[in-house]
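Take a look at the letters that make up each chain.
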Amino acid sequence: MATYVISDIHGHYHEFLEMLKVLNFSDADFMYVLGDVIDRGPEGLDIINDIRSRKNMQMFLGNHELMMINAIKYVEETGDCRVTIENMDDHLTPLQLWTHAANGGEGTFEEMMALSPKGREDMVGFLKSLPLIKRFKLGGVSYHLSHSYSLPRRFGNTVYQDHVSKKEMERIVWDSLLDREGNPYETPEEYPFYYKRDTYVVGHIFTQRLSHLDESGKAKIFKCNKYRGYRIIDLDCGMALNCRSSRLGCMCLETGEEFYISLMDDEANDSLFGV
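Just so it is clear, the model here is predicted, and its values are computed rather than measured. (Residues numbered from 1 in each chain as written. Predicted model: local features only at pLDDT ≥ 70, side-chain atom pairs only at ≥ 80, totals over all residues. Heavy atoms only, no water.)

Some thoughts on the packing of aromatic side chains
Next up, step 1: One pass over the structure, following the stated rule, counts 16 aromatic pairs.
Next up, step 2: An angle of 85 degrees between the planes, with centres 5.5 Å apart, marks the rings of Phe222 and Tyr227 as edge-to-face.
Next up, step 3: Overall, Tyr227 belongs to the buried group, its relative accessible area being 4%.
Next up, step 4: Among the aromatic residues, ring-to-ring pairing joins Phe30, Tyr32, Phe60, Phe136 and Tyr143 into one connected group.
Next up, step 5: Across the ring face of Tyr195, the terminal group of Arg135 is positioned such that the distance to the ring centre comes to 3.6 Å.
Next up, step 6: The residue whose ring lies beneath Arg209 is Phe206, and the NZ or CZ to ring-centre distance is 5.6 Å. (Phe/Tyr/Trp six-rings, centres within 6.5 Å; stacked < 30°, edge-to-face > 60°. Buried < 20%, exposed > 50% of the residue type's maximum accessible area, 1.4 Å probe, protein only. Lys NZ or Arg CZ within 6 Å of the ring centre and 35° of its normal.)

Written out as structure tokens, the structure reads:
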């Protein structure tokens, strides 16, 4: 039995299935999927349905799933399906925020609107049931899983969406220790999270932004024992970028072994960049 963690698949169902093959993933194994399953790639809902069909996978809420919940609620309450704006200074509706080019939700929105009303209700209901944070011990290590962030207070082992305020939920899926100014390797003046001894496993910030690449220019899982005072692992290897450095990264918690599926092979890279 092995325990795996993966994040930020972003609609790339083929690569997700390839990863399961590489892992030889079986019913005896377990996988935590740390959010941002949808958007950017073409098959986000297929990935969600696959995860829902398995008893040995646990999905977490990411910021893209939260945008989807808010956008579908907005559409149902107002009937406003406009995904474009005339002026960039205009206030964005929840739907326009989700489908904006910066977030890439337009394809997933079209998939959602192709579902029956009951199908949309079931999908949103599933997303609303997802946890935000989970803590557990494995092999003597206290792991702390979330899409991106945590809380400054004690909360036990699992945080669900109805356990926190709207502001707290947004921080958990949008904020990141990896995206702050200042030297991250200096001793911090303050510790924003309550559990200082946990190993934080997150996604959300693609490791290309940390210049964490292998010798071939592919993104790598980022691991650091002292990053702003915490042990942290970032699994997001940039599938949302849809570029030649993009990879789907997965890690086994028992062994620390890393597994990768590249979004583009070398032949595709050469074609894309005119080589």
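Quick look at the sheet that holds strand β1 (residues 3–6)
Next up, step 1: The strand order across the open sheet formed by five strands is β3-β2-β1-β10-β11, and the pairing between neighbours is mixed. On the outer flanks of this sheet lie β3 (57–59) and β11 (258–262), each paired with one strand and no other. Across this sheet, the average inter-strand angle for adjacent strands is 20 degrees, counted without regard to direction. (Pairing = 2+ DSSP bridges. Helix = DSSP H or I, 4+ residues; strand = E, 2+ residues; numbered from the N terminus. Axes fitted to C-alpha atoms, helices over the stretch in contact; angles between N-to-C directions.)

Considerations on the state of the cysteines
Next up, step 1: Scanning all chains against the criterion turns up zero disulfides.
Next up, step 2: Cys250 forms no disulfide, and the closest cysteine sulfur to it belongs to Cys252, at a distance of 8.2 Å. (Disulfide = S-S within 2.5 Å.)

Some points on the pairing of strand β7 (residues 199–202)
Next up, step 1: Of the two faces of β7, the one lined by Thr199 and Val201 and the one lined by Tyr200 and Val202 are each fully buried.
Next up, step 2: Pairing of strand β5 (residues 141–146) with β7, which is carried by three bridges, proceeds in the parallel orientation. Residue Leu145 lies in a different strand from β7, and its bridge partner there is Val201.
Next up, step 3: Bridge count between β7 and strand β9 (residues 230–234): four bridges; the pairing is parallel. Counted as the bridge partner of Thr199 is Arg231 from β9.

A word on empty space enclosed by the protein
Next up, step 1: Counted by the stated rule, this structure contains one cavity of 30 Å³ or more.
Next up, step 2: By volume, the largest cavity amounts to about 30 Å³.
Next up, step 3: Together, Ser148, Leu177, Phe193, Tyr200, Val202 and Ile232 line the largest cavity.
Next up, step 4: In the lining of the largest cavity, the residues fall into five nonpolar, one polar and no charged. (1 Å grid on protein atoms, 1.4 Å probe; cavity = no way out; pocket = protein on both sides within 12 Å on 5 of 7 lines; lining within 4 Å. Points joined across faces, edges and corners; volume = space filled by probe spheres on them. Nonpolar A, V, L, I, M, F, W, Y, C, P; charged D, E, K, R; others polar.)

Notes on the packing of helix α3 (residues 63–78) against helix α6 (residues 117–128)
Next up, step 1: Put simply, α3 and α6 touch, their axes get as near as 10 Å, and they point 140 degrees apart. Judged on the interaxial angle alone, α6 and α3 are oblique. The hand of the α3/α6 crossing is left-handed. Packed against α3, whose contacting residues are Glu65, Met68, Ile69, Ile72 and Glu76, the element α6 presents Arg120, Met123, Val124, Leu127 and Lys128 at the interface. (Parallel < 35°, antiparallel > 145°, perpendicular 65-115°, else oblique. Left-handed = near helix turned anticlockwise from the far one by under 90°. Contact = heavy atoms within 4.5 Å.)

Describing the confidence of the model for the protein
Next up, step 1: Overall, the predicted model of the protein reaches an average pLDDT of 93, with 94% of residues at or above 70.
Next up, step 2: Predicted confidence for residues 268–275 stays below pLDDT 50, and this span has six contacts to residues more than four positions away or in other chains. (pLDDT = per-residue confidence, 0-100.)

Considerations on the sheet that holds β7
Next up, step 1: One open sheet accounts for six strands, arranged β6-β4-β5-β7-β9-β8; its pairing is mixed. Both edges of this open sheet fall to β6 (158–160) and β8 (222–227), since each of them pairs with a single strand only. Direction aside, the axes of adjacent strands within the sheet are offset by 20 degrees on average.

Remarks on α3
Next up, step 1: Taking 1.5 Å of rise per residue, 16 residues should cover 22 Å, and α3 covers 22 Å from first to last C-alpha, within 8% of that figure.
Next up, step 2: Among the residues of α3, those classed as buried are Asn63, His64, Glu65, Leu66, Met67, Met68, Ile69, Ala71, Ile72, Tyr74 and Val75.
Next up, step 3: Those residues of α3 hidden inside the fold are in contact with α2 (44–53), β3, α4 (94–99), α5 (106–114), α6 and α7 (166–174). (Expected span 1.5 Å × (residues − 1).)

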